[in-house]
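Structure at a glance
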Amino acid sequence: MADGDGRTDETIFTWGAPAVKFGAGAADEVGFELAQRGARRVLVVTDPGVVSTGVPRRIVDSLARSGIESEVFDGVHVEPTDDSIGKAAEYARVQGPWDGFVAVGGGSAIDTAKAVNLLTSHPGELMDYVNPPIGGGRSPAGPLKPLVAVPTTAGTGSESTAMCVLDVLAMKVKTGISHWRLRPTLAVVDPELTMTLPPEVTAASGMDIVCHAVESYTARPYTAFARKAPEDRVTYCGANPVSDLWCEKAMTLIARSFRRAVHRGADDVDARSDMMLAATFAGMGFGNAGVHLPHANGYPIAGQVRDYRPAGYPSDEPIVPHGQAVSLTAPESFRFSFDSAPERHLRAAELLDPRSDCHGGPREQLPWALVTLMRDIGIPNGIGAVGYTEDDVPDLVPGTMKQQRLLVTCPKTPTEDDVAEILTRSVTNW
Ligand SMILES: NC(=O)c1ccc[n+]([C@@H]2O[C@H](COP(=O)([O-])OP(=O)(O)OC[C@H]3O[C@@H](n4cnc5c(N)ncnc54)[C@H](O)[C@@H]3O)[C@@H](O)[C@H]2O)c1
């Protein structure tokens, strides 16, 4: 669209974030916060692994101290599906009405709570709201109920984003709902809640932070998009000066504390605190700027899993955890996108690995920083280590190409052949 002055390139970006309460003990103030928002009866949404840490119980106690009645729904599926979200929404509809929701857990619990909030606040089915072309792309008709997000992993940044990610089982595809109304009202970020995270979950969810920060820092700038009317502007608007600040800071925190959080996480509160800040900061960056190729590849890598069962995660079904799926093609994806913005790729490498001993040329600096980190924290060595061979690449490529919402944010537009080459070169990363 050209506006009144005839401009066709975008000149406007929007940056949104929830209110944040951060620090040790913050989880005990959830009741106070919801009471300020007039809530009398709320649903706590969580998963069984998180229940066993005792954190949901603490939240229920905090709510009770503020005179708020609550129930716990602990049926969240780790990496939610259309089926698991449907069941959660059904439970909430039958047991409701609710004045608000508290999500306690990682991205799986927070995303499930966002969808439950949407589906109990407005008419319509889940697929009506899922991003097109997979779903109907409908916008919520009005505001949602207050949602307080209490993350217990340091990774997805879902506590600050307007996205809900889910698997559509029948199509074997990961997709989501993205609309600014889904963003939590308040993020209560308490680093002490992550002390119980197994090292494998710390590593995988931390790689999600790395990819969020680097992908949104290297995303197409918002000025490179066509001008849109305000009602048509998408949640992911491209790299912009405000998102850049959050991403740079997230990368600095990662460099300082990621390895320590994985290897000494049960004792090192400072490392856990840095990782929680990094996750929230990167969420404030990518949640507005967007992610691109590594995340687009991560969707079919996770969606077409056969029998990979990683340590640290529930073993009842195969899964490629989101943070692993998105990082496995990151080194090769950034080799590919390097030419589009060399200075940004170099700056990201410098922030992530300030004492790098990479002797390769400029294009190799960022892949080196990533591979060194991934080796140190025990991330699988490429898509080969989670069950794929070169022969699987033709089946994975269409899954990436379907993620047009993410690919438009890639600073260099990939063809099907480019994606096939990136996946093939990512069978092993070192
Ligand atoms: N909405 C967004 O913006 C966004 C962004 C990135 C990823 N995601 C989605 O988030 C999901 C992944 O979330 P995640 O990486 O945070 O992990 P998760 O929520 O799937 O949890 C992983 C495992 O860790 C356990 N766990 C969580 N906290 C724990 C703790 N403190 N102590 C011990 N165990 C704990 C859980 O029980 C589970 O078994 C994926 O579905 C992904 O697609 C969403």
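Structure: above.
Residues numbered from 1 in each chain as written. Predicted model: local features only at pLDDT ≥ 70, side-chain atom pairs only at ≥ 80, totals over all residues. Heavy atoms only, no water.

Description of the layout of surface pockets
Roughly 790 Å³ of internal volume is contained in the second largest pocket. Here the lining of the second largest pocket is built from residues that sort into 13 nonpolar, 10 polar and eight charged. Two domains each donate at least three residues to the lining of the second largest pocket, and these are domain 1 (25-189) and domain 2 (199-425). (1 Å grid on protein atoms, 1.4 Å probe; cavity = no way out; pocket = protein on both sides within 12 Å on 5 of 7 lines; lining within 4 Å. Points joined across faces, edges and corners; volume = space filled by probe spheres on them. Nonpolar A, V, L, I, M, F, W, Y, C, P; charged D, E, K, R; others polar. Domains from an automatic or database assignment.)

Some points on empty space enclosed by the protein
Taken as a whole, this structure holds two cavities of 30 Å³ or more when the rule is applied. In this model, the largest cavity occupies a volume close to 100 Å³. In terms of residue class, the lining of the largest cavity is made up of eight nonpolar, no polar and three charged. Taken as a whole, the second largest cavity encloses approximately 40 Å³ of empty space. If you trace the second largest cavity, you find it lined by Ala154, Thr194, Leu197, Thr202, Ser205, Gly206, Arg272 and Met275. Broken down by secondary-structure element, the contributors of at least two residues to the lining of the second largest cavity are helix H7 (199-217) and helix H9 (269-289). With three residues, the top contributor of residues to the lining of the second largest cavity is H7. The class makeup of the residues in the lining of the second largest cavity is three nonpolar, four polar and one charged. (Helix = DSSP H or I, 4+ residues; strand = E, 2+ residues; numbered from the N terminus.)

Overview of H7
Helix length check: H7 (19 residues) gives 27 Å between terminal C-alpha atoms against 27 Å at 1.5 Å per residue, within 8%. The buried fraction of H7 amounts to 17 of the 19 residues, a majority that puts the element mostly inside the structure. (Expected span 1.5 Å × (residues − 1). Buried < 20%, exposed > 50% of the residue type's maximum accessible area, 1.4 Å probe, protein only.)

A short note on the packing of aromatic side chains
Applying the stated rule across the entire model yields five aromatic pairs. A ring pair is formed by Phe13 and Tyr222, whose centres lie 4.9 Å apart and whose planes are at 65°; its orientation type is edge-to-face. With Phe13 in the segment before strand S1 (19-22) and Tyr222 in the loop between H7 and helix H8 (241-264), the pair connects residues that are 209 residues apart, well separated along the chain. Looking at Phe13, the relative accessible area reads 26%, which means it is partly exposed. A ring pair is formed by Trp246 and Phe281, whose centres lie 5.1 Å apart and whose planes are at 70°; its orientation type is edge-to-face. (Phe/Tyr/Trp six-rings, centres within 6.5 Å; stacked < 30°, edge-to-face > 60°.)

A look at the nonpolar core
Membership of the largest hydrophobic core comes to 70 residues, with the highest contact counts inside it found for Val210, Met251, Ile254, Phe258 and Leu352. Built from parts of two domains, this core gets at least three residues from each of domain 1 (25-189) and domain 2 (199-425). Of all hydrophobic cores here, the second largest spans 20 residues; its members include Ala39, Val42, Val104 and Val188. (Core = buried A, V, L, I, M, F, W, Y, C linked by side-chain atoms within 4.5 Å.)

So, the site of the ligand
The local shell around the ligand holds 32 residues, among which Asp47, Ser108, Thr153, Thr161 and Thr196 are the closest. For the ligand, a nitrogen atom lies 2.9 Å from a polar atom in the backbone of Met163. Protein contacts shield 95% of the accessible area of the ligand, which totals 870 Å² for the unbound molecule. Counting only elements with at least two residues in the shell around the ligand, the list comes to helix H2 (48-51), helix H5 (107-121), strand S6 (163-168) and H7. Partitioned by chemical class, the residues of the shell around the ligand number 12 nonpolar, 14 polar and six charged. Taken domain by domain, the shell around the ligand gets at least three of its residues from each of domain 1 (25-189) and domain 2 (199-425). (Near = heavy atom within 4 Å. Polar contact = N/O pair within 3.5 Å; in protein donor to acceptor, adjacent residues only side chain to side chain. Areas by Shrake-Rupley, 256 points an atom, 1.4 Å probe, with all protein chains shown as cover.)

Some remarks on the sheet that holds strand S3 (residues 69-73)
Reading across the sheet, the six strands line up as S1-S8-S5-S4-S2-S3 and stay open at both edges, with parallel pairing between neighbours. In this open sheet, the two edge strands, each paired with only one partner strand, are S1 and S3. In this sheet, neighbouring strand axes are inclined to one another by 20° on average, regardless of whether the strands run parallel or antiparallel. Pairing of strand S5 (residues 147-151) with strand S8 (residues 186-189), which is carried by two bridges, proceeds in the parallel orientation. By the bridge assignment, Ala149 is partnered in S8 with Ala187. (Pairing = 2+ DSSP bridges. Axes fitted to C-alpha atoms, helices over the stretch in contact; angles between N-to-C directions.)

Overview of unusual backbone geometry
Cis geometry is adopted by the peptide bond preceding Pro97, which originates at Gly96 and carries an omega value of 5°. For the peptide bond that leads from Pro132 to Pro133, omega is 5°, which places it in the cis range. In this fold, Pro133 is placed in the loop between helix H6 (126-129) and S5. One non-glycine residue with positive phi stands out, namely Glu79, at about 70°. Mapping Glu79 onto the fold places it in the loop between S3 and helix H4 (82-95). Even without glycine at this site, Lys172 takes up a positive phi of about 50°. Secondary-structure assignment places Lys172 in the loop between S6 and strand S7 (173-178).

Some thoughts on the side chain of Arg227
Positionally, Arg227 belongs in the loop between H7 and H8. Looking at Arg227, its side chain comes within polar contact range of the side chain of Thr11, at 3.0 Å.

Some words on the pairing of strand S2 (residues 41-45)
Across the five residues of S2, five count as buried, placing the element largely inside the fold. The alternating pattern of S2 places Arg41, Leu43 and Val45 on one face and Val42 and Val44 on the opposite face, and all of these are buried. With five bridges joining them, S2 and S3 adopt parallel strand pairing. Within S3, the position partnered with Val45 by the bridge is Phe73. For S2 and strand S4 (residues 100-105), the ladder comprises four bridges, and the chain directions are parallel. Bridging across to S4, Val45 finds its partner in Ala103.

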